[in-house]
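Each chain, letter by letter, is given below.
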Amino acid sequence: MTLIISVFEQGFIYAIMALGIYITYKILDFPDLTVDGSFPMGAAITAVMINAGIPAVLTLPVAFLAGGFVGMLTGVIHVKLHVRDLLSGIIMMTALYTVNLRIAGKANLPFYNQPTVFDNDAVNGFFPEGMRDFQTVIILLVITAVVKLLLDWYMGTKSGFLLRAVGNNDTLVTSLGVDKGRVRIAGLSIANALVTLGGCLFAQQQRYFDVTMGTGTMVIGLASVIIGTSLFRKVTFMKVTTAVILGSVIYKACVAVAIRLGLAASDMKLVTAVLFLIILVLSMDKKRKVAS
Amino acid sequence: MLELLHIDKTYNPGTVNELCFFKDFNLKINTGEFVSVVGSNGSGKTSMLNIICGSMDIDGGRVVMNDADISKQKDFLRHRRIGRVFQDPSKGTCPEMTIMENMSLAENKGHPYNLSRGAAKMRRDYFRSLLAPLELGLEDKMDIKVGTLSGGQRQSLALLMSTMTPIDFLILDEHTAALDPKTAEKIMILTDKIVREKHLTTIMVTHNLRYAVEYGDRLLMMHEGRVIIDKSGEEKKKMEMGEILKKFDEISLEYGN
Ligand SMILES: Nc1ncnc2c1ncn2[C@@H]1O[C@H](COP(=O)(O)OP(=O)(O)OP(=O)(O)O)[C@@H](O)[C@H]1O
Ligand SMILES: [Mg+2]
């Protein structure tokens, strides 16, 4: 039971991050490695703020905005300085490693006894005693749903249309008299804001920050996106954002099963990489079949 | 008015593929003029349009639009007054978006792309009324992704999209090349109607000599980055296809292909 709950908890947390990666990879067609740095940055900011006694709710908007700023920098490096997409992300990821250490002050920063968004006087008073085990997952469900609905709403706005257009056919964006570079920067900004928010929630669920916790973020997020979008491709009434969230939960379930089968946590990166490769090859195969 | 003054352009400078293409290229197009451009493959038609629209940098010379030097102006800024249909049908529309969404995007050109609804339901009937005259059945496919349409259908949609908002210039690069003869005819008539109604200064590249002769009030023929025929007014009216074909033959003889 605890295992299932924890799959959903982490699935939802990673889903928020995966929604960001969905924007970069699927919508902007930009494999953004910044996320490997912005995810732990969310955790670092959160750990420092909570240890300083700042109310946990405030970590969410702060992390979100900080992530937006970092994504903007990646965009500027790519668009204004004409650095290739993958390299722009790698540069930012590398820089953020140091930044994260500076924010946290050390490589590992726990906050075991401090209140978090999942465990504070207000929510503890709201949920009855018997619901204690489900408290975190319910709060996460609500946050994830809100993020999803906001993203769906945004994608339906004029600004969101432009974002979809720029990854799809940026010549059209130019023809519309709009600076495609700025649209790209905005997209990367939103994406990294979501990823950083994911890192913020992850830290509060784990109750620590660790400088290495971002390694593989992009691959995990991408795996979730691809699982979700290929698995639910046929389900026309389902929004892509829902598919990505489900993909993330399924991915986490696979990982939990792998650990159950005796793999050590330290093996997980390799498992992730192999799993990702399999997913990638399978989904490409499908594309090829459709095309031919 | 649109002027290209002393344009120089070299492709791949400093490499073995260096190609000095435009050398002191000059062209002046008056406001409201409808210019048809013909010329063999690789004669520089698309390159000229790219220079006008800012899609390609120039090495020397000036581009002047309505007496303002726009040589340094960014492409997207220039496009605010230009409607453009590309030679490649996939460039004028967004394949992953529906017809409704594409037309909504196009209709908003010149206005901020803000947080208001992207596609307004109440515009639907208006969009359908624009599509109906094409007689391609697109008005019944409003919610279909444009990527699933045929090249010709996409190109027709692209023409509509490029002229939905107030613009001064219309740039058409073989916009009927991907169309079947009957649809091409319809699109040409529609093009002419739009150009006249909106008083657009138009440059239309075409390989269809009949269109070049029948439509527009000025005809240019390009060859190797130069204008070798430039006829307008009465002279243009008197021109016949045979005359242009003869010129094509002369060129091939001269250059042996
Ligand atoms: N980006 C580029 N880099 C190098 N050479 C180029 C580039 N664009 C065009 N050229 C060259 O310039 C010449 C003219 O090309 P352009 O596309 O303008 O021809 P065109 O008249 O539009 O031909 P078509 O009728 O086939 O469309 C060609 O020789 C082409 O190889
Ligand atoms: Mg061409």
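All values derive from a computational prediction rather than experimental measurement. What you see as residue numbers is a count from 1 along each chain, following the sequence as written. Key to labels: chains lettered from A, ligands numbered from 1, both in the order written. A pLDDT threshold of at least 70 governs which residues receive local features in this predicted model, and a stricter bar of 80 or more applies before side-chain atom pairs are shown or counted, although totals over entire chains, interfaces and linings include all residues. Computation of side-chain values: all heavy atoms of the structure, hydrogens and water removed.

Once that is clear, we can look at the overall build of chain A. What counts as a helix is a DSSP run of H or I of at least four residues, what counts as a strand is a run of E of at least two, and both are numbered from the N terminus. A count of helical and extended segments in chain A gives 12 helices and 2 strands. Helices and strands in chain A line up, N terminus first, as α-α-α-α-β-α-α-α-α-α-β-α-α-α. What you see for chain A is a C-alpha radius of gyration of 19 Å, in line with the 19 Å of a compact globule of 292 residues. Per-residue burial over chain A gives 54% buried out of 292 residues. The protein chains shown are the only cover counted for residues, whose accessible areas, like all others here, come from Shrake-Rupley with a 1.4 Å probe. Accessible surface computed for chain A: about 13100 Å², of which carbon and sulfur atoms make up 69%. Across chain A, the 23 positively charged side chains and the 15 negatively charged ones have centroids separated by 8 Å. Between the two quantities, the radius of gyration covers C-alpha atoms and the globule rule is 2.2 Å times the number of residues to the power 0.38. Buried means the residue's accessible area, taken with a 1.4 Å probe over protein chains only, is under 20% of the maximum for its type, while exposed means over 50%, and partly exposed covers the values in between. Charged residues are defined narrowly, with Lys and Arg counted positive, Asp and Glu counted negative, and His plus the chain ends left uncounted. One atom stands in for each charge, and that atom is NZ of Lys, CZ of Arg, CG of Asp or CD of Glu.

Tetrahedral coordination by four donors sets the ideal angle at the metal to 109.5 degrees; octahedral coordination by six donors sets it to 90 or 180 degrees. Residue and element names in this part refer to chain B. Of the protein atoms, only Thr46 (OG1) and Gln87 (OE1) coordinate the magnesium ion (ligand 2), at distances of 1.9 to 2.3 Å. Here Gln87 lies in the loop between strand E6 (82-85) and helix H3 (99-107) and Thr46 lies in helix H1 (residues 45-53), a separation of 41 residues in the sequence. Look at Thr46 and you get partly exposed, because its relative accessible area is 28%. Residue Gln87 is classed as partly exposed on the basis of its relative accessible area of 38%. Metal donors: N, O and S atoms at distances within 2.8 Å, or within 3.2 Å for Na, K and Ca, with water omitted from the atom set so that some sites may seem incomplete.

Throughout, a contact is declared for two residues whenever any of their heavy atoms are within 4.5 Å. In this assembly, 31 residues from chain B lie in contact with 20 residues from chain A. Here's the idea: put two parts together, see how much 1.4 Å probe accessible area each one loses, and the total over both is what we call buried area. Between chain B and chain A, the buried area comes to about 2200 Å², and carbon and sulfur atoms account for 63% of it. Salt bridge, as used here, is a side-chain nitrogen of Lys or Arg placed within 4 Å of a carboxyl oxygen of Asp or Glu. The interface formed by chain B and chain A includes 1 salt bridge. Of the charged contacts in the structure, one is a salt bridge between Glu101 of chain B and Arg164 of chain A, with a shortest N-O distance of 3.1 Å. Those elements that provide at least two residues to the side of chain B that touches chain A are helix H2 (75-78) and H3 of chain B. In terms of residues, the side of chain B that touches chain A owes the most to one element, H3 of chain B, which gives 5 residues.

Residue and element names in this part refer to chain B. Only when DSSP finds a minimum of two bridges between them are two strands counted as paired. Here 4 strands make up an open sheet; going across it, the order is E2-E1-E4-E5 and the pairing antiparallel. The outermost strands of the open sheet, each flanked by one partner alone, are strand E2 (19-29) and strand E5 (68-69). Axes, fitted as lines to C-alpha atoms, cover a helix only where it is in contact. Angles between the N-to-C directions of the axes lie from 0 to 180 degrees. Those strands touched by H1 are strand E1 (2-11), E2 and strand E4 (60-65), and its axis lies near 115° from that of E1.

What follows is about the site of ligand 1. Residues and elements named next belong to chain B. We call a residue near a molecule or strand when any one of its heavy atoms sits within 4 Å of it. Lining the immediate environment of ligand 1, one finds 14 residues, of which Asn41, Gly42, Lys45, Thr46 and Ser47 sit closest. One of the backbone nitrogen or oxygen atoms of Ser43 is found 3.2 Å away from an oxygen atom of ligand 1. The separation between an oxygen atom of ligand 1 and a polar side-chain atom of Thr46 is 2.6 Å. When isolated, ligand 1 has an accessible area of 640 Å², and the protein chains bury 64% of it. N or O atoms within 3.5 Å of each other form a polar contact, as long as, within protein, one can give a hydrogen and the other can take it, and as long as residues adjacent in sequence are counted only when both atoms are side-chain atoms.

A few words now on the nonpolar core. For this analysis, a nonpolar core means a set of buried residues of the types Ala, Val, Leu, Ile, Met, Phe, Trp, Tyr and Cys, connected via side-chain atoms within 4.5 Å. Among the nonpolar cores identified, the biggest contains 118 residues, and Leu201 and Phe209 of chain A together with Ile99, Leu105 and Leu131 of chain B are the most heavily contacted of them. Of all hydrophobic cores here, the second largest spans 26 residues; its members include Phe25, Val37, Ile82 and Met222 of chain B.

On to the packing of helix H1 (residues 2-27) of chain A against helix H11 (residues 240-260) of chain A. Residue and element names in this part refer to chain A. At a closest axis distance of 7 Å, the pairing of H1 and H11 adopts a crossing angle of 135°. When the axis of H1 is compared with that of H11, the two are oblique. Seen from above, H1 lies across H11 with right-handed handedness. Together, Leu3, Val7, Phe8, Gln10, Gly11, Phe12, Tyr14, Ala15, Ala18, Leu19 and Tyr22 of H1 and Val240, Thr241, Val244, Ile245, Ser248, Val249, Lys252, Ala253, Ala256 and Arg260 of H11 make up the contact between the two elements. The classification used treats Ala, Val, Leu, Ile, Met, Phe, Trp, Tyr, Cys and Pro as nonpolar, Asp, Glu, Lys and Arg as charged, and all other residues, Gly among them, as polar. Looking at the contact of H1 with H11 residue by residue, the classes come out as 15 nonpolar, 4 polar and 2 charged. Relative orientations are named as follows: roughly parallel for angles under 35 degrees, roughly antiparallel for angles over 145 degrees, roughly perpendicular for angles from 65 to 115 degrees, and oblique for any other angle. With the far helix as reference, a near helix turned anticlockwise by less than a right angle produces a left-handed crossing, and one turned clockwise produces a right-handed crossing.

With that settled, the discussion passes to the pairing of E1 of chain B. Within a regular strand, side chains alternate between the sheet's two faces. Residue and element names in this part refer to chain B. For E1 and E2, the ladder comprises 7 bridges, and the chain directions are antiparallel. Opposite Ile7, over in E2, you have Phe25 as the bridge partner. Pairing of E1 with E4 involves 5 bridges; the strand directions are antiparallel. Note that in E4 the partner of Glu3 across the bridge is Val64.

Attention shifts here to H3 of chain B. In terms of burial, H3 of chain B is a largely internal element, 8 of the 9 residues being buried. Against helix H7 (158-168) and helix H8 (170-175) of chain A together with helix H4 (124-131) and helix H5 (151-162) of chain B lie the buried residues of H3 of chain B.

Planes of paired rings set the category: under 30 degrees apart is stacked, over 60 is edge-to-face and the rest tilted, where pairs are Phe, Tyr or Trp rings (Trp by its six-membered ring) whose centres lie within 6.5 Å. In the structure shown here, the tally under the stated rule is 10 aromatic pairs over all chains. A ring pair is formed by Tyr126 of chain B and Phe127 of chain B, whose centres lie 6.0 Å apart and whose planes are at 50°; its orientation type is tilted. Accessibility expressed as a relative area gives 34% for Tyr126 of chain B, which makes it partly exposed. The rings of Tyr11, Phe21, Phe22 and Phe25 of chain B are connected pair by pair, giving a single aromatic cluster. Across the ring face of Phe161 of chain A, the terminal group of Arg164 of chain A is positioned such that the distance to the ring centre comes to 5.3 Å. Comment: the charge-over-ring label is applied if NZ (Lys) or CZ (Arg) is within 6 Å of the ring centre and within 35 degrees of the ring normal.

This brings us to the pattern of salt bridges. The final tally for this structure, using the stated rule, is 19 salt bridges over all chains. Note that Arg132 of chain A is salt-bridged to Glu129 of chain A, the shortest N-O span being 3.6 Å. In this structure, Asp69 of chain B engages Arg62 of chain B in a salt bridge whose closest nitrogen and oxygen atoms are separated by 3.7 Å. Residue Arg62 of chain B is classed as partly exposed on the basis of its relative accessible area of 41%.

Note that every value here comes from positions in space, so none of it alone points to a role or purpose.
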